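Observations on chain architecture
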Amino acid sequence: MKNIIIVCILFFALTESPAQQKTKHPKNIILMIGDGMGTAQIYAGLTAKKGTLNLEQCTAIGFHKSQSSDSYVTDSAAGATAFACGEKTYNGAIGVDVNKKALPTILEAAEKKGLSTGLVATCSITHATPACFISHQPSRSLDEAIAHDFMATDIDVFIGGGRKFFEKRADGKNLVDSLKAKNYQIASSIQEVKNINKGKLAAFLADEQQPKFSDGRGDQLVPSTETALAILSQNKKGFFAMIEGSQIDWGGHANDTQYIINEMVDFDNAIGKVLDFAKKDGNTLVIITADHETGGFSLINGNMKTGEVTGKFTTGDHTGVMIPVFAYGPGAEKFIGIYENTAIYHKMMEAIGFK
Ligand code: MG
Ligand code: ZN
């Protein structure tokens, strides 16, 4: 009997080391949000790219239920607060609950644990989606208050538009100067962003909103993503980043199929860079999803050889349809299934070992 027990203990000791018993936590999390990106938007981009997207490299796929606390159809503020804070709130809320009380965000949790943090967007950095990760305000329209909330954090990199909300403020404060005093490098063009690969970075690529991809913004999201990853990955403890393809939503509001396609392809190019990084790193969890669908967009014709797409819209607003979630890397399997949008926060927090 004694011998059998010893043999058993030896067997377990040999087959399962303590390291293997522990679940593997990713060191880094990159959340990518295609604002307004439903399955038709994705498929329009896929068709325009003649049949394949970088997104397809994701290994785990699920769906989330996007409804907000006060509406069947969410806006980007309640949607991003669900991802950032794990609670359903009212449309327009920036990182606050239904009683307008501040909710801690995953970006703030990462900062507290000593990780680096970053936000990248193709709209004003104070716009609803990025704002919900770093700010706590009762309304998404309070751009100057949202900009001020950036100063309360130690975010390492942010890249987007919205310079005027930092610089030309009703309270007379110049927060760009305050950022400089906090040792941020200030970039005002994509060329400057490309030339920076260490230290802290605040990049303002527009005074307010960035233009469309096709109206002069061009390929800024890919190099912005590369710079953010270069800076953030220098922290041995890891990082949390949110990267947004902000204007897929605006193409939907405009009922403009080509606008959607251009922004979707741009976002997928950034997805390619992120997945390349995650593959090489081996310790990065990537989640790609949307806050909601925009436009009630559908595809009534297309051609995989020519890349042509014929789209049709049912609304100029958001819709309440189920939203796909794609994941890659350690912890990706947690994102299989159908769950509330708030579960994305909880799954990320569990995956990285914060709870
Ligand atoms: Mg957005
Ligand atoms: Zn919208």
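Preceding block: the structure.
So, here's what we can say about the structure. Note that the structure is predicted; figures quoted are calculated from it, not measured.

**Observations concerning the sheet that holds strand S13 (residues 323-328)**
- With mixed pairing, ten strands are arranged side by side in an open sheet as S5-S6-S4-S3-S7-S1-S8-S13-S2-S14. Lying at the two open borders of the sheet, with one neighbouring strand each, are strand S5 (184-187) and strand S14 (337-340). Between one strand axis and the next, the sheet turns by 15° as a mean value, whatever way the strands run.
- Here strand S8 (residues 284-289) runs beside S13; their pairing, made up of four bridges, is antiparallel. Counterpart to Ile-288 in the pairing with S13 is Phe-326.
- The sheet contacts of helix H14 (residues 342-352) involve strand S1 (28-34), strand S2 (60-65), strand S7 (239-245), S8, S13 and S14, and relative to S14 the element is tilted by about 110°.

**A look at the state of the cysteines**
- Counted according to the given criterion, the structure contains zero disulfides.
- Cys-132 supplies the cysteine sulfur nearest to Cys-123, a cysteine that is in no disulfide, at a spacing of 11 Å.
- Judged by its relative accessible area of 0%, Cys-123 is buried.

**A few points about the coordination of the zinc ion (ligand 2)**
- Here the zinc ion (ligand 2) is held by Asp-249 (OD), Asp-249 (OD), His-253 (NE2) and His-318 (NE2), and the distances to it run 2.1 to 2.3 Å.
- Here the zinc ion (ligand 2) binds four donor atoms, and the angle range of 57 to 150° at the metal identifies the geometry as irregular.
- For the zinc ion (ligand 2), all donor residues lie on one chain, and their spacing in sequence is D-x3-H-x64-H. With a gap of 69 residues between them, Asp-249 in helix H12 (residues 248-253) and His-318 in strand S12 (residues 318-319) connect regions that are remote in the sequence.

**Let's talk about helix H3 (residues 39-48)**
- Here H3 lies mainly inside the structure; seven of its ten residues are buried.
- Buried within H3 are the following residues: Ala-40, Gln-41, Ile-42, Ala-44, Gly-45, Leu-46 and Thr-47.
- For H3, the elements touching its buried residues are H12, helix H13 (257-281), strand S9 (293-294), strand S10 (298-302), strand S11 (309-312) and S13.
- Directly beyond the C-terminal end of H3, a positive phi value near 60° is found at Lys-50.

Cut-offs and rules
Residues numbered from 1 in each chain as written. Chains lettered and ligands numbered in written order. Predicted model: local features only at pLDDT ≥ 70, side-chain atom pairs only at ≥ 80, totals over all residues. Heavy atoms only, no water. Pairing = 2+ DSSP bridges. Helix = DSSP H or I, 4+ residues; strand = E, 2+ residues; numbered from the N terminus. Axes fitted to C-alpha atoms, helices over the stretch in contact; angles between N-to-C directions. Contact = heavy atoms within 4.5 Å. Disulfide = S-S within 2.5 Å. Buried < 20%, exposed > 50% of the residue type's maximum accessible area, 1.4 Å probe, protein only. Donors = N, O, S within 2.8 Å, 3.2 Å for Na, K, Ca; no water. Tetrahedral: all angles 85-135°; square planar, octahedral: opposite > 155°, others 65-115°.

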